[in-house]
Amino acid sequence: MSLSLSGEHPFNNYRSSKYYLILFLIWPFLAFIVSVSNFSKKEARFIVYMFLIYYGFNFVNTNTAIDAYRYALELKINSGRSFSDFFRIVGGLYSDTNVDIVEPLISFIVSRFTSHYSLYFAVWAAIFGFFYLKSINLIYKNIIINPGWNSIILLLFFTMILPITTISGVRM
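Computed from a predicted structure; not experimentally measured.

Novice: With reference to specific residues and values, describe the overall build of the chain.
Specialist: A count of helical and extended segments in the chain gives eight helices and zero strands. When the helices and strands of the chain are listed from N to C terminus, the series reads α-α-α-α-α-α-α-α. Per-residue burial for the chain yields a buried fraction of 32% across its 172 residues. Put simply, 60% of the contacts in the chain that link residues at least 6 apart link residues at least 24 apart. Of the roughly 11,100 Å² of accessible surface on the chain, a fraction of 67% belongs to carbon and sulfur atoms.

Novice: Please set out the packing of helix α6 (residues 102-111) against helix α7 (residues 117-145) residue by residue, giving values where relevant.
Specialist: Axis angle and axis distance: for two packed helices, these are the angle between their axes and the distance between the axes, and together they describe the pair. Closest axis-to-axis distance for the α6/α7 pair is 10 Å, and the angle between their directions is 130 degrees. The orientation of α6 relative to α7 falls into the category oblique. Our pair here, α6 against α7, has a crossing hand that is right-handed. Taking contact as the criterion, the partners of Val102, Glu103, Ile106, Ser107 and Val110 in α6 are, on α7, Leu119, Tyr120, Val123, Trp124 and Ile127. Taken together, the residues of the contact of α6 with α7 sort by class into eight nonpolar, one polar and one charged.

Novice: Pulling in residues and values, what's your account of the confidence of the model for the chain?
Specialist: Low pLDDT means the predicted coordinates in that region are not meant to be read closely. Here the chain shows a mean pLDDT of 80. Residues at 70 or above account for 82%. Considering each helix and strand of the chain separately, the mean pLDDT is smallest for helix α5 (residues 86-91), with a value of 72, and largest for helix α3 (residues 42-57), with 90. Predicted confidence is poor over residues 1-11, with pLDDT under 50, and the contacts of this stretch with residues over four places away or in other chains come to five contacts.

Cut-offs and rules
- Residues numbered from 1 in each chain as written.
- Predicted model: local features only at pLDDT ≥ 70, side-chain atom pairs only at ≥ 80, totals over all residues.
- Heavy atoms only, no water.
- Helix = DSSP H or I, 4+ residues; strand = E, 2+ residues; numbered from the N terminus.
- Buried < 20%, exposed > 50% of the residue type's maximum accessible area, 1.4 Å probe, protein only.
- Contact = heavy atoms within 4.5 Å.
- Areas by Shrake-Rupley, 256 points an atom, 1.4 Å probe, with all protein chains shown as cover.
- Axes fitted to C-alpha atoms, helices over the stretch in contact; angles between N-to-C directions.
- Parallel < 35°, antiparallel > 145°, perpendicular 65-115°, else oblique.
- Left-handed = near helix turned anticlockwise from the far one by under 90°.
- Nonpolar A, V, L, I, M, F, W, Y, C, P; charged D, E, K, R; others polar.
- pLDDT = per-residue confidence, 0-100.

Below is the structure:
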């Protein structure tokens, strides 16, 4: 059998990714922990990404004092609007009430599919998780190339200062 460019058997990645997915379906948090411990593997990073989306999908939004509650209410309002209101929502850019285009745009697009906030926060977790994992992977590669306390402390501080739990406010 031929080896892949990494020197591994070509079906090892398929087999391990299958096991990661099965574990994720049975117990997502354990799959997340196992994936974090094997972060150098691409399939492990994918499971971490899936867990971040899973976290956003299962985000509990009952506290009326947080921004997430207001975003969920705005999603419900957008779901009742017609498609012709899209230009009015986006046209409010740089008005005295709204200077953001991304949040209303994503809210309006998600409202075309559902009025429930679970999918809405899963979309935000997917966006946040993509950039979050790219940043962590950049720091992780720096640790592999140049191991030292500075890189490890940077990775720890980055993950503690900007955790996935900040998904409650879209403008993180």
